[in-house]
Number of protein chains: 2
Amino acid sequence: MQIAILLYPGFTALDAMGPFEVLGNLPGADTVFVAEQPGTIRNDSGKLAVLADASLAEVGSPDIVVVPGAPDTSGPVKSEAVREWLTAVDRTTTWTTSVCTGSLILAAAGLLTGRRATSHWLYLDELASYGVEPTGERVVTDGKYVTAAGVSSGIDMGLTLAGRIAGDRVAQAIQLLIEYDPQPPYDAGSPEKAPADLVAEWRARRI
Amino acid sequence: MQIAILLYPGFTALDAMGPFEVLGNLPGADTVFVAEQPGTIRNDSGKLAVLADASLAEVGSPDIVVVPGAPDTSGPVKSEAVREWLTAVDRTTTWTTSVCTGSLILAAAGLLTGRRATSHWLYLDELASYGVEPTGERVVTDGKYVTAAGVSSGIDMGLTLAGRIAGDRVAQAIQLLIEYDPQPPYDAGSPEKAPADLVAEWRARRI
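Just so we're clear, the structure is a prediction, and the values are computed from it rather than from any experiment.

A. Here's a closer look at the overall build of chain A. Looking only at helices and strands, chain A has 8 helices and 11 strands in total. For 207 residues, the compact-globule estimate of 2.2 N^0.38 gives 17 Å, and chain A sits close to it at 16 Å. Across its three principal axes, chain A shows a C-alpha extent of roughly 45 × 40 × 35 Å. When burial is assessed residue by residue, chain A has 61% of its 207 residues classed as buried. Sequence separation of at least 24 residues holds for 63% of the intrachain contacts in chain A that already meet a minimum separation of 6. For chain A, the exposed surface amounts to about 7300 Å²; the carbon and sulfur share of it is 48%. Charged side chains of chain A number 15 positive and 25 negative; the gap between the two group centres comes to 3 Å.

So this is what it looks like as structure tokens:
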């Protein structure tokens with residue numbers, strides 16, 4: 001079971017690493033980081049460099065594709081090579097997935113048209129502009145397309161997918177091994193729960 | 001504010017990336033991945049390679065140190081270079097921290113002796129063998145030493161620390177931006193909550 005995680009300059013680290021840690025623990029999982037240009041790819045802050053071990057051309061038929069998001073997805077959204085690769089591999093994937101604004105990249109490739117999907121809460125309008133029906137859910141499954149909300153939600157998506165692929169017991173074992181018993185010290189993880197002025201401040205910055 | 005994240009062959013990806021994503025979003029944060037040998041360092045599954053941008057010698061006085069864990073920490077535990085670096089930088093850190101079995105590495109360097117600390121649930125006995133008082137809490141603060149439980153708990157630790165460093169509002173903003181509103185599809189994230197036979201199975205594998 002090959003799991004391809006797409007990298008591109010400016011990706012958000014945790015978007016990629018949440019699903020990587022969870023799905024990579026599935027029995028028989030063979031995860032591979034792919035990019036248009038193999039080599040080290042820097043994240044959004046520039047402080048992390050991850051090696052893309054394979055080019056897009058080298059990964060022609062992954063079973064699962066994971067597309068992480070970024071504060072600025074214009075690079076992969078506009079890249080013909082990325083769009084063509086996503087369209088091509090999607091024909092044979094079992095699951096095509098994204099975290100955060102990774103859904104904008106899938107949508108730009110035309111893979112989410114007419115489907116229910118999600119994204120980072122600040123980008124749901126942009127997702128809708130691609131003819132996608134955005135939802136406020138944390139993990140959205142529409143057929144074989146699984147999209148997750150912002151950044152950390154990729155862990156929940158990974159566990160959801162692990163259960164669908166390998167059954168509840170395997171998914172629970174992974175949850176236990178990564179000790180995913182969240183106890184955030186604040187309750188500000190969604191626009192509904194965070195202080196309203198903080199949400200307004202970030203909405204204003206986005207516009 | 002320099003935040004040094006220690007890498008070594010076999011580290012667990014999410015242990016490092018949870019705190020990286022959270023603490024890296026603090027105003028003025030300058031995160032750097034350090035290793036005994038700079039260059040690409042592979043994680044426990046071998047499928048992820050992260051570039052260590054700096055050698056231990058190049059990072060002499062970080063404000064915060066983060067030590068991720070691994071299924072096998074014997075490399076860094078036995079490394080004189082790692083032990084000496086940790087002991088040296090700890091003299092001037094504001095916070096010395098670990099995720100998962102990273103606490104075994106801190107303990108082996110003598111930094112947790114007589115202190116309350118935590119680790120991955122499967123390794124609490126081993127932590128105690130270093131003269132540390134293990135607790136079942138997810139994030140433990142004892143003076144400037146902050147240790148987190150298994151893998152995913154580094155996110156909770158990061159937010160706890162963000163609040164201590166920059167105040168509640170900044171920490172809440174980070175939680176909102178990484179949309180950390182966890183909704184695990186199972187409730188098996190700790191040995192108390194997971195099915196008992198699953199916990200027993202993994203305890204048996206560990207021994």
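So that's the structure; there's more coming.
B. Layout of the packing of aromatic side chains. All names here are of chain A. All told, the structure shown has 2 aromatic pairs over all chains when counted by the stated rule. Both rings, one in F20 and one in F33, keep their centres 5.1 Å apart while their planes meet at 40 degrees; by these two values the pair is tilted. Here F33 lies in strand β2 (residues 30–35) and F20 lies in helix α1 (residues 13–23), a separation of 13 residues in the sequence. Judged by relative accessible area, which is 3%, F20 ranks as buried. Taking the relative accessible area as the measure of exposure, F33 reaches 0% and is therefore buried. R205 extends its terminal NZ or CZ atom over the ring of W202, reaching a point 4.0 Å from the ring centre.

C. Highlighting the side chain of B:D142. In this fold, B:D142 is placed in strand β10 (residues 139–142). A distance of 2.9 Å separates a polar atom in the side chain of B:D142 from the backbone nitrogen of B:R116.

D. Here's a closer look at the sheet that holds β2(A). Residue and element names in this part refer to chain A. Taken together, 7 strands build an open sheet; the order of strands is β5-β2-β1-β6-β7-β11-β10 and the sheet is mixed. Across the chains shown, the open sheet's two edge strands, defined by having one partner strand only, are β5 (54–55) and β10 (139–142). Strand direction decides the pairing type here: strand β1 (residues 2–6) and β2, joined by 5 bridges, are parallel. In the sheet register, A4 faces β2, and the bridge partner there is V32.

E. Layout of the interface of chain A and chain B. Tallying the contact residues gives 64 residues for chain A and 64 residues for chain B. In total, chain A and chain B occlude about 5700 Å² of area from one another, counting both sides; carbon and sulfur atoms represent 59% of this. Among the residues of chain A in contact with chain B, A:L176, A:E179 and A:Y186 are the three that bury the most area, contributing 14% of the side total. Linking chain A with chain B are 10 salt bridges. A salt bridge links B:R42 to A:D53, with the shortest nitrogen-to-oxygen separation between them at 2.8 Å. At the boundary of chain A with chain B, the tally comes to 44 residue pairs in polar contact (both at pLDDT 80 or more). For the side of chain A that touches chain B, the secondary-structure elements that each account for two or more residues are α1, β2, β3 (39–42), β4 (49–52), α6 (153–166), α7 (168–177) and α8 (196–206) of chain A. In terms of residue count, α7(A) provides more of the side of chain A that touches chain B than any other element does, 8 residues in total.

Reading the values: rules and limits
- Residues numbered from 1 in each chain as written.
- Chains lettered and ligands numbered in written order.
- Predicted model: local features only at pLDDT ≥ 70, side-chain atom pairs only at ≥ 80, totals over all residues.
- Heavy atoms only, no water.
- Helix = DSSP H or I, 4+ residues; strand = E, 2+ residues; numbered from the N terminus.
- Rg over C-alpha atoms; globule rule 2.2 N^0.38 Å.
- Buried < 20%, exposed > 50% of the residue type's maximum accessible area, 1.4 Å probe, protein only.
- Contact = heavy atoms within 4.5 Å.
- Areas by Shrake-Rupley, 256 points an atom, 1.4 Å probe, with all protein chains shown as cover.
- Lys, Arg positive; Asp, Glu negative; His and termini not counted.
- Charge placed at Lys NZ, Arg CZ, Asp CG, Glu CD.
- Phe/Tyr/Trp six-rings, centres within 6.5 Å; stacked < 30°, edge-to-face > 60°.
- Lys NZ or Arg CZ within 6 Å of the ring centre and 35° of its normal.
- Polar contact = N/O pair within 3.5 Å; in protein donor to acceptor, adjacent residues only side chain to side chain.
- Pairing = 2+ DSSP bridges.
- Buried area = accessible area lost by both parts, 1.4 Å probe.
- Salt bridge = Lys/Arg side-chain N within 4 Å of Asp/Glu carboxyl O.

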